[in-house]
Amino acid sequence: MTATTSEQSAASAHAASAPADPASWVRHARTVPETHTYPAVDELLASFRELTDAHPALVTERRIGTSALGEPLYCFTVCDRPAAADGGDYVVVGGVHPNEPVGAVTTLHLATALCEDPELRAHFGGAWHIVPCIDPDGARLNEGWFATPTDKQNYGRHFYRPAGDQQVEWTFPFAYKEAWFDRVLPETLALMRLLDATQPRFLTTLHNCEAGGVYYYMNRPAPELYGVLADIPASLGVPLATGEPEAAHVPLYAPAVYGCIDMKDAYDYLEELGADAAAKIAGSSSAAYSERYGTFYFVTEVPHWSHPHADDNTPTKERYADAVRRRARALAETGKFLGSILDSASPHLTIPSPFLRAVRDFVPSLTELARTETARADKLPDRAATVSESYGCDAGVHSSRLRFGGMLLRALHAEVVAGIASPEVRRCHRELLETYETWERAAAPATGDPIPISTLAGIQYAALLAAADHARGSAPAQGADRTRTGDSG
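Because the structure is predicted, anything quoted here is derived from the model rather than measured.

Caption draft 1: Region of the structure containing the overall build of the chain. Helices and strands together make up the secondary structure of the chain, namely 17 helices and 15 strands. For the chain, the C-alpha atoms occupy an extent of roughly 65 × 55 × 45 Å along the three principal directions. When burial is assessed residue by residue, the chain has 59% of its 489 residues classed as buried. Of all intrachain contacts in the chain linking residues separated by at least 6 positions in sequence, the fraction that spans at least 24 positions is 83%. For the chain, the exposed surface amounts to about 18,800 Å²; the carbon and sulfur share of it is 53%.

Next comes the structure, spelled out in structure tokens:
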């Protein structure tokens, strides 16, 4: 997908001009051009530069930082200069998790629409600061599946997600009770500086999940948005995810609409369950950091694959607590197996790859999560699990197996292809591959059917416009500091 799709984008954008009411944003979900691949980092930046060259009076490219491996980080600002100076800024960030590339398509479509639709720009006012990819180092490690995103086997075997303390979204400064985090990544620092310089009225970091349905996060309730957020995916035949939440401690505002994952709440939740919260929590998020400016923060999570059970609230014969315990047992078994492979291979591994660093963080977390989930189950009310909750429990296990098992395979495979694998490493690789293949077969039907990329980006695009429109008409949160500090460039 490149800027050469501009004629189609322009026609779609003008057909869906600025709405008079929130529900009118729904039709924007159908404006994203069809594409069957996710752009690699170089392709994505090239497309943004094509757009900049085509609209030099509207788009400004600037460097906002440097990645851990030395790659420049770029922001593209779209605005009518100088009229936008009186508006209020909007910040859109793609690639905060490098295994979540839907945002790459969304950012390019948003920038194109803003350039080609003066009514859309006028409706919002202000400047749009768009970061296509904040973690290019991590994104490049996922490019092996970007060209074939519907191939579930290829996805799992080319998957990469950094360890928790290496994720841009979760390495903002944090201090609470016994927890202290200040190991800010260079990518996170770049985003902090951008937020300090722009003090945006609206911030969205673009995320996607693997299987199920659509769900949302926002940093404060917005009842006027809940209807349109349900209507947007429904208009394209994609269900909401009404089952198990990603984090058990987040507030539920409406079906599939949650308050943000807050690390202070996470700390208290883990502490209540008897876990060592300070040892488990890394940094805070962009949502928490932007609160100082009264920013309305919003996330749309869209799934690669859709499953009809994702929004089925029919009661099952299984008790809800038993479904959670079943998931906990499966996670514990997965962690035990992967841990045994990792322990056996570790003394013989010589390549300190990102995959190895990631699994050394994630694999122990599976048994820890199993313990906290078992403790949580003991406190749950006695009621039947819904179909969606049961599905969510199963989907979480499949995801953990394919993600973490896949990265461990990549770590071991690196030794094999380099010609330096010891007999024990080769044995571990064979044993893991045999089990991983059974996990792939079990996960294939449970993850569901692939959703077109244009549908996923369309949902994300329409939802962020609706949320940005809400922010445009809302006052900043009380107590916000609007004094500008720092510089983004």
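Caption draft 2: Molecular detail of the pattern of salt bridges. What the rule picks out here adds up to 26 salt bridges. Among the salt bridges present, the one from Asp382 reaches Arg319, with a minimum N-O distance of 3.1 Å. With a gap of 63 residues between them, Asp382 in the loop between α14 (354-377) and β14 (384-386) and Arg319 in strand β13 (residues 315-319) connect regions that are remote in the sequence. With relative accessibility at 33%, the residue Arg319 sits in the partly exposed group.

Caption draft 3: Quick look at unusual backbone geometry. A positive phi angle, close to 50 degrees, is found at Lys177, a residue other than glycine. If you check the backbone angles, Gln199 has positive phi at about 40 degrees while not being a glycine.

Caption draft 4: Molecular detail of the confidence of the model for the chain. In the predicted model, the chain carries a mean pLDDT of 92, and 92% of its residues have values of at least 70. Counting contacts from residues 1-20, a segment whose pLDDT is below 50, to residues more than four positions away or on other chains yields 45 contacts. Counting interchain partners and residues more than four positions distant, the pLDDT-below-50 stretch residues 83-87 has five contacts.

Caption draft 5: Here's a closer look at the packing of α14 against helix α15 (residues 387-417). Where α14 meets α15, the axes come as close as 9 Å, and the angle between the chain directions of the two elements is 145 degrees. Regarding α14 and α15, the two cross each other, and that crossing is left-handed. Here α14 contributes Phe355, Leu356, Ala358, Val359, Phe362 and Leu366 to the contact with α15, which in turn contributes Ser400, Phe404, Met407, Leu408, Arg410 and Ala411.

Caption draft 6: Spatial organisation of the pairing of strand β7 (residues 202-205). Residues Phe202 and Thr204 line one face of β7 and the alternating positions Leu203 and Thr205 line the opposite face, and both faces are buried. With four bridges connecting them, strand β3 (residues 90-93) and β7 associate as parallel partners. Residue pairing for β7: Val92 is matched across the bridge by Thr204. Alignment of β7 against strand β12 (residues 296-306), held across three bridges, turns out to be parallel. Opposite Leu203, over in β12, you have Tyr297 as the bridge partner.

Caption draft 7: Structural context of the packing of aromatic side chains. A complete count under the given rule lists 23 aromatic pairs for this structure. Between Trp145 and Phe146, the aromatic rings sit 5.0 Å apart at their centres with planes inclined by 85 degrees, giving edge-to-face as the arrangement. With relative accessibility at 5%, the residue Phe146 sits in the buried group. With a centroid separation of 5.3 Å and 80 degrees between ring planes, the pair formed by Tyr155 and Trp305 is classed as edge-to-face. Pair noted here: Tyr155 is in helix α7 (residues 152-157) and Trp305 is in strand β12, with a separation of 150 residues, a long-range link. In this structure Tyr155 comes out as buried when scored by relative accessible area, which is 4%. By the ring-pair criterion, three or more aromatic residues cluster together here, those being Tyr38, Trp145, Phe146, Tyr155, Phe159 and Trp305. Here Arg49 stacks its cationic end above the ring of Tyr74, 4.7 Å away from the centre of that ring. Its guanidinium or amino end placed over the ring of Tyr289, Arg292 lies 3.8 Å from that ring's centre, counting from NZ or CZ.

Caption draft 8: Expanded view of the packing of helix α13 (residues 320-345) against α15. Two elements in contact, α13 and α15, have axes separated by 9 Å at closest approach and are oriented at 5 degrees. Classified by the interaxial angle, the pair formed by α13 and α15 is roughly parallel. Contacts between α13 and α15 involve Tyr320, Ala323, Val324, Arg326, Arg327, Ala330, Leu331, Thr334, Leu338, Ile341, Leu342 and Ala345 from the former and Glu389, Ser390, Gly392, Cys393, Asp394, Val397, Ser400, Arg401, Phe404, Gly405, Leu408 and Leu412 from the latter. Broken down by class, the residue content of the contact of α13 with α15 amounts to 14 nonpolar, five polar and five charged.

Caption draft 9: Highlighting the pairing of strand β1 (residues 59-66). The pairing of β1 with strand β2 (residues 72-78) spans seven bridges and is antiparallel. Residue pairing in the sheet places Thr66 in a bridge with Pro72 of β2. Two successive antiparallel strands, β1 and β2, enclose a turn made up of five residues, where Gly70 displays a positive phi of approximately 95 degrees.

Parameters and conventions
Residues numbered from 1 in each chain as written. Predicted model: local features only at pLDDT ≥ 70, side-chain atom pairs only at ≥ 80, totals over all residues. Heavy atoms only, no water. Helix = DSSP H or I, 4+ residues; strand = E, 2+ residues; numbered from the N terminus. Buried < 20%, exposed > 50% of the residue type's maximum accessible area, 1.4 Å probe, protein only. Contact = heavy atoms within 4.5 Å. Areas by Shrake-Rupley, 256 points an atom, 1.4 Å probe, with all protein chains shown as cover. Salt bridge = Lys/Arg side-chain N within 4 Å of Asp/Glu carboxyl O. pLDDT = per-residue confidence, 0-100. Axes fitted to C-alpha atoms, helices over the stretch in contact; angles between N-to-C directions. Left-handed = near helix turned anticlockwise from the far one by under 90°. Pairing = 2+ DSSP bridges. Phe/Tyr/Trp six-rings, centres within 6.5 Å; stacked < 30°, edge-to-face > 60°. Lys NZ or Arg CZ within 6 Å of the ring centre and 35° of its normal. Parallel < 35°, antiparallel > 145°, perpendicular 65-115°, else oblique. Nonpolar A, V, L, I, M, F, W, Y, C, P; charged D, E, K, R; others polar.

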